[in-house]
Amino acid sequence: MVFGAGVFDRLRTEVERLGAKRALVLSTPEQTSDAEEASRRLGDMSAGVFSKAVMHVPIETAREARQVAAELQADCCVAVGGGSTIGLGKAIALESALPILAVPTTYAGSEMTPIYGLTEDGIKKTGRDRKVLPKTVLYDPELTLTLPPRIAGPSGMNAIAHCVEGLYALDGNPIIYLLAAEGIRALARSLPRVVEAPGDLDARSDALYGAWLAGTVLGSVSMGIHHKLCHTLGGAFNLPHAEVHTVILPHATAFNSPAAPEPMRVIAECLGCGSAGRGLFDLAVRVGAPVALKDIGMPADGLERAAELATQNPYANPMPVEYAGVLALLQNAYNGIRPM
Ligand code: NAD
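Worth saying up front: this structure is predicted, and the values here are computed from it rather than measured. (Residues numbered from 1 in each chain as written. Predicted model: local features only at pLDDT ≥ 70, side-chain atom pairs only at ≥ 80, totals over all residues. Heavy atoms only, no water.)

Helix and strand counts for the protein chain stand at 13 helices and eight strands. Taking 2.2 N^0.38 as the reference for a compact globule, 340 residues should give roughly 20 Å; the C-alpha atoms of the protein chain span a radius of gyration of 19 Å, in line with that estimate. Projected onto the principal axes, the alpha-carbon positions of the protein chain cover approximately 60 × 45 × 35 Å. Looking at the protein chain residue by residue over its 340 residues, the buried ones come to 58%. If you sum the accessible surface of the protein chain, you get close to 13700 Å²; carbon and sulfur atoms cover 53% of it. Averaging the coordinates of the 29 positive side-chain charges in the protein chain and doing the same for the 35 negative ones gives two points 3 Å apart. (Helix = DSSP H or I, 4+ residues; strand = E, 2+ residues; numbered from the N terminus. Rg over C-alpha atoms; globule rule 2.2 N^0.38 Å. Buried < 20%, exposed > 50% of the residue type's maximum accessible area, 1.4 Å probe, protein only. Areas by Shrake-Rupley, 256 points an atom, 1.4 Å probe, with all protein chains shown as cover. Lys, Arg positive; Asp, Glu negative; His and termini not counted. Charge placed at Lys NZ, Arg CZ, Asp CG, Glu CD.)

Below you can see the structure in the form of structure tokens.
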């Protein structure tokens, strides 16, 4: 991990330290200029740029990227971007074991996890494999200065969600709880500044620090109902990833409150308020992020199906996950009601 303003300058040195000589640079179409800048910095160590990363890693994109990496004889991937771009690097690494150097530019946290996802025929499957965990991560807050408030707010709430679920993970431990609490504190104090003053480098740095902690938590322990619901809603209804996390988080937290009083006390304290669920809702409003499923493309007649899908297979969670409770949670989230 290399952290700090300007560490992107170390890109070539860090690729050399991986023992690689030909790096394929990955990005989304929107961040092609960032990828080209990375390629320019790599000079003769750049094998080329592949800038077709999209959300949820469609298998067709993964196959094309794997073929390009093989044709260009790349021996490493440099992923410049958010979870979509790093996810594409993971899809390549899963098959080829090429090392990944990640340069995250959002707060999603994928760079710190061995979790990969691939979407085939509209169904997203996830798994864990050490091969896909990036070998090097360059956290440069200067690269996040271009992240617009409408993406930064939800992305930061997505990171907070990893910390919230880490605090009540049944396979958690005291170190993870410390990282999770510190992650919430860092993001809760920095995100309002990031959206109000997008050029504030200290706030950007603080938010990226929180995202690093959040990604570490996500990669270390099991997530509960919140992540399960977001995965279900994102996959079945094609809703935007970070925004779904933002809307669901206050409600999933309130749902788990009766069964996890100590984590809730910690979350509320880190947010500087009296209630974890309401504090998360208010933070989302403050950073201008969406708070209602109906505003991000969820069809009203899909709530029952979503509740069914999310309660089909049992998984660890503080509160028992049953249909009626999950449907009520989803109805509140659909209407954007501030948790009671
Ligand atoms: P994203 O990577 O899709 O990025 C969203 C948009 O923001 C893109 O258009 C991107 O080009 C743009 N963008 C990113 N950084 C920018 C910057 N600094 N300046 C300007 N524009 C910028 O969004 P995301 O929320 O980071 O990632 C979502 C995806 O990541 C989902 O598919 C999700 O499932 C996955 N994910 C995976 C893990 C994991 O551990 N495997 C963790 C979190 C998220």
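Below, the discussion takes up the sheet that holds strand β2 (residues 23–26). An order of β1-β8-β5-β4-β2-β3 is seen for the six strands of this open sheet, with the pairing classed as parallel. For this open sheet the edge positions go to β1 (2–3) and β3 (46–50), each flanked by a neighbour on one side alone. Pairing of β1 with strand β8 (residues 136–139), which is carried by two bridges, proceeds in the parallel orientation. When the sheet's bridge partners are listed, Val2 is paired in β8 with Leu138. Helix-sheet contacts for helix α3 (residues 59–71) involve β2 and β3, and the interaxial angle to β3 is about 160°. (Pairing = 2+ DSSP bridges. Contact = heavy atoms within 4.5 Å. Axes fitted to C-alpha atoms, helices over the stretch in contact; angles between N-to-C directions.)

Turning our attention to the packing of helix α5 (residues 149–167) against helix α9 (residues 241–256). Interhelical geometry of α5 versus α9 gives an angle of 35° and a closest axis separation of 8 Å. For the element pair α5 and α9, the recorded crossing hand is left-handed. On the side of α5, the interface is formed by Arg150, Pro154, Ser155, Met157, Asn158, Ile160, Ala161, Val164 and Glu165, while α9 contributes His241, Ala242, Glu243, His245, Thr246, Leu249, Thr253 and Asn256. Its residues assigned to classes, the contact of α5 with α9 comprises seven nonpolar, seven polar and three charged. (Left-handed = near helix turned anticlockwise from the far one by under 90°. Nonpolar A, V, L, I, M, F, W, Y, C, P; charged D, E, K, R; others polar.)

Let us now look at the site of the ligand. Every one of the 23 residues lining the ligand counts as a neighbour, but Thr28, Glu30, Ser84, Thr113 and Lys124 are closest to it. Side-chain polar atom of Lys124 to an oxygen atom of the ligand: 2.7 Å apart, as the coordinates give it. One of the backbone N or O atoms of Leu147 is found 3.4 Å from a nitrogen atom in the ligand. Considered on its own, the ligand offers 870 Å² of accessible surface; in the complex 86% of this is hidden by protein. (Near = heavy atom within 4 Å. Polar contact = N/O pair within 3.5 Å; in protein donor to acceptor, adjacent residues only side chain to side chain.)

This brings us to the pattern of salt bridges. A complete count under the given rule lists 17 salt bridges for this structure. Note that Arg41 is salt-bridged to Glu37, the shortest N-O span being 2.7 Å. You can see Arg41 and its partner Glu37 sitting in helix α2 (residues 32–42), four residues apart, about one turn around the helix. Under the relative-accessibility criterion, Glu37 is labelled partly exposed at 25%. When salt bridges that share partners are traced, they join Asp9, Glu37, Arg40 and Arg41 into one network. (Salt bridge = Lys/Arg side-chain N within 4 Å of Asp/Glu carboxyl O.)

A separate point is the nonpolar core. Generally speaking, soluble globular proteins have nonpolar side chains that are buried together. Core analysis: the biggest nonpolar cluster contains 48 residues, and Tyr107, Ile160, Val164, Ile184 and Ile267 have the highest contact counts within it. Those elements that place two or more of their residues in this core are β8, α5, α6 (174–196), α7 (201–220), α10 (261–271) and α11 (276–286). Ranked by residues supplied to this core, first place goes to α6 with nine residues. Those residues in contact with Ile267, other than ones at most four positions away along the chain, are Val164, Leu167, Ile184, Thr253, Ala276 and Leu280. Membership of the second largest hydrophobic core comes to 24 residues, among which are Ile225, Ile248, Leu327 and Leu330. (Core = buried A, V, L, I, M, F, W, Y, C linked by side-chain atoms within 4.5 Å.)

All of the buried residues along α2 are Ala35, Ala38, Ser39 and Leu42. Buried residues of α2, viewed axially, fall in a sector of 100°; they line one side. For α2, the exposed residues set more than 90 degrees away from the buried face come down to Ser33 and Arg40. Those residues of α2 that are buried lie in contact with α1 (11–17), β2, β3 and β4 (76–81). Positive phi appears at Gly43, one or two residues downstream of α2, with a value of about 55°. (Arc of directions from axis to C-beta.)

What follows is about the packing of aromatic side chains. By the definition in use, this model includes three aromatic pairs. Between the aromatic rings of Phe3 and Tyr139, the centroid separation amounts to 5.5 Å while the plane-to-plane angle is 35°, which identifies the pairing as tilted. In this pair, Phe3 is assigned in strand β1 and Tyr139 in strand β8, connecting sequence segments 136 residues apart. Accessibility expressed as a relative area gives 30% for Phe3, which makes it partly exposed. The exposure class assigned to Tyr139 is buried, which follows from its relative accessible area of 0%. An aromatic cluster is defined as three or more aromatic residues linked by ring pairs; in this entry it consists of Phe3, Tyr139 and Trp212. (Phe/Tyr/Trp six-rings, centres within 6.5 Å; stacked < 30°, edge-to-face > 60°.)

Now for α9. Along its 16 residues, α9 runs 22 Å from first to last C-alpha, staying within 8% of the 22 Å computed at 1.5 Å per residue. At Ile248, α9 shows its largest kink, close to 40°, and the proline Pro250 lies no more than four residues downstream. With 13 of 16 residues buried, α9 lies mostly within the body of the structure. (Expected span 1.5 Å × (residues − 1). Bend = angle between axes of the 7 residues up to and from the residue.)

Function cannot be read off these values alone, since they describe shape.
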